[in-house]
Amino acid sequence: MSNILLQTGLLVCLVISSLIVLILLIRQPLRKLVGAGIGYQLWAILPLSLIAMFFPHHQYLDMTVDLNTPVNQLIGGTTLLEIQSASVWPVILVSAWLIGSLAMLALFGMQHLHFLRRLGKLTRADGIYLASDVDTGPALAGCFRPKIIVPADFFERYSAAEQALIILHELVHKRRGDVIANTLFALLQCLFWFNPFVHVAARCFRLDQELACDASVIAQEPQARRVYAEAMLKTQLSVTPSALACHWPSRHPLKERIMQLQQNSPGKLKRISAYVVLSCLCGVSAYSAWAATPVSTLTMETKVKGTEAIEDGVSSDRYKVSMTVDLGGEKTNHDLTIIPGYPTSVVRRLDGQGGIWNFTFTLVPAPADQYKDAVTIDMVVKKGDEVIAKPKLVAGLNQKARLQKETPDKQQDFDISMTTNLLKKAE
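Residues numbered from 1 in each chain as written. Predicted model: local features only at pLDDT ≥ 70, side-chain atom pairs only at ≥ 80, totals over all residues. Heavy atoms only, no water.

Enquirer: Explain the overall build of the protein chain to me, and be specific about the residues and the numbers.
Expert: Scanning the protein chain from terminus to terminus reveals 12 helices and 15 strands. Here the protein chain holds 427 residues, and 47% of them are scored as buried. Relative to all contacts within the protein chain whose residues are 6 or more apart in sequence, the contacts with residues 24 or more apart total 64%. Accessible area for the protein chain stands at about 22,000 Å²; split by element, carbon and sulfur atoms hold 60% of it. (Helix = DSSP H or I, 4+ residues; strand = E, 2+ residues; numbered from the N terminus. Buried < 20%, exposed > 50% of the residue type's maximum accessible area, 1.4 Å probe, protein only. Contact = heavy atoms within 4.5 Å. Areas by Shrake-Rupley, 256 points an atom, 1.4 Å probe, with all protein chains shown as cover.)

Okay, here's the thing in structure tokens:
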């Protein structure tokens, strides 16, 4: 299990890093061409690609088992499965990963608690909330019930026009659900705390969010550029270090925000072209992320020579084997028609288990003088080209036989249940 989590996490981390590099390379040119709104929407590539990674794959293998002559040797007992030693490194790395994520989560939690304490007692006034501190706000806080929070001297520090623009700015954040977006990005930082690309992306994401919000305000109030810039200058003393809120901290490049106010809204043709390009980028990125993930659980009953013998009318007993294969918690059921002495295979591919699993078994009737109504089963379990186990057992008809193997790292675990019935007696 630890190895599965480690492999999956590293793959997701690699995909995220590649997407972040792509976004960082094109965000500024795209913003200059078609405005800050499209530049912010470019970040939609990340969640869409992450969701796409967990979409199921549909893939079918075309394999045929080359069968030899029927097995003549009868097996009269059960051989115990050998358990191989496992490495402890996956467990150590996953534990360190988890500890780092929890530490990052605690850090963000403490920062947000500090932010809430700085707010003090909130006073509601005209649909907004006045903080007790003059250096806290303007901000939008609250994931499910977001509140517009302004500094205690809001009505004294800002003119009426500036107040209206600031409130409009926060309402844009609220309408777009930016607090939820910030919270999700903070969780991404916690999950991949060791990845510097994620932390750089978080800062750029917040800047693009503010620039897009500024552009939306100016689009609604195109004559208020100067007043809006003056409101920004008055807000630079604010300190609201919370990763879970939308605010105007001094870390935001003031010059870049003011220069962005001078940019006119793009024309209709530019906007349409930008959305076409953005849609293509999202689609290509999501498909690439999906294609980069391993094929999910894949099961196929292989057509074997035993089945062909049935079709050719070979005169022999026929058995029905109801088989359940459990790999990593993924169960599949198989109903197979078997001719004694002919090997039959079930092939599966599980994305976390690394490669193709092959369960090949040969069934023959057990000696009547030793067992009544029973069969012997000789099985070979392979993972890729490696033979994992060679279980041998005697199973009674209409009775469930079970084969299990457990290893410390869970990488070679399997659980097989088989019930054999006599389907037809040879004529």
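Enquirer: Provide a residue-level description of the sheet that holds strand β15 (residues 414–424), including the pertinent values.
Expert: Sheet architecture is open: 4 strands sit in the order β8-β7-β15-β14, paired in antiparallel fashion. At either end of the open sheet lies a strand with only one pairing partner, and these are β8 (330–338) and β14 (400–405). For this sheet, the mean angle separating the axes of adjacent strands, direction not counted, is 15 degrees. Where β14 meets β15, 6 bridges bridge the pair, whose relative direction is antiparallel. By the bridge assignment, Lys400 is partnered in β15 with Thr419. (Pairing = 2+ DSSP bridges. Axes fitted to C-alpha atoms, helices over the stretch in contact; angles between N-to-C directions.)

Enquirer: Report on a nonpolar patch on the surface, specifying residues and quantitative values.
Expert: Taken together, the side chains of Leu98, Leu102, Leu105, Ile180, Leu184 and Leu187 make up a nonpolar region of the molecular surface, amounting to roughly 560 Å² of accessible area. As for its placement among the helices and strands, Ile180 is situated in helix α7 (residues 178–191). (Patch = residues over 30% accessible without salt bridge, like charges linked within 9 Å, V, L, I, M, F, W, Y side chains within 5 Å. Salt bridge = Lys/Arg side-chain N within 4 Å of Asp/Glu carboxyl O.)

Enquirer: Which residues make up the pairing of strand β10 (residues 356–365), and what values go with them?
Expert: Two faces belong to every sheet, and in a regular strand the side chains alternate between them. Most of β10 is tucked away: 7 of the 10 residues are buried. Relative to β10, strand β9 (residues 344–349) runs antiparallel, the two being bridged by 6 bridges. Bridge pairing in β10 links Arg349 to Ile356. In this structure, β10 lies alongside strand β11 (residues 374–383), joined through 9 bridges in antiparallel fashion. Within β11, the position partnered with Phe361 by the bridge is Met379.

Enquirer: Give me the lowdown on the sheet that holds strand β2 (residues 128–130), citing residues and values where you can.
Expert: Spatially, β1-β2-β4-β3-β5 is the arrangement adopted by the 5 strands of the open sheet, whose pairing is mixed. The sheet is open, and its two borders are formed by β1 (123–125) and β5 (246–247), each paired with just one other strand. Sheet topology note: the strand β3 (residues 139–141)/strand β4 (residues 147–150) ladder contains 3 bridges and is antiparallel. The residue bridging Ala141 from the neighbouring strand is Lys147, located in β4.

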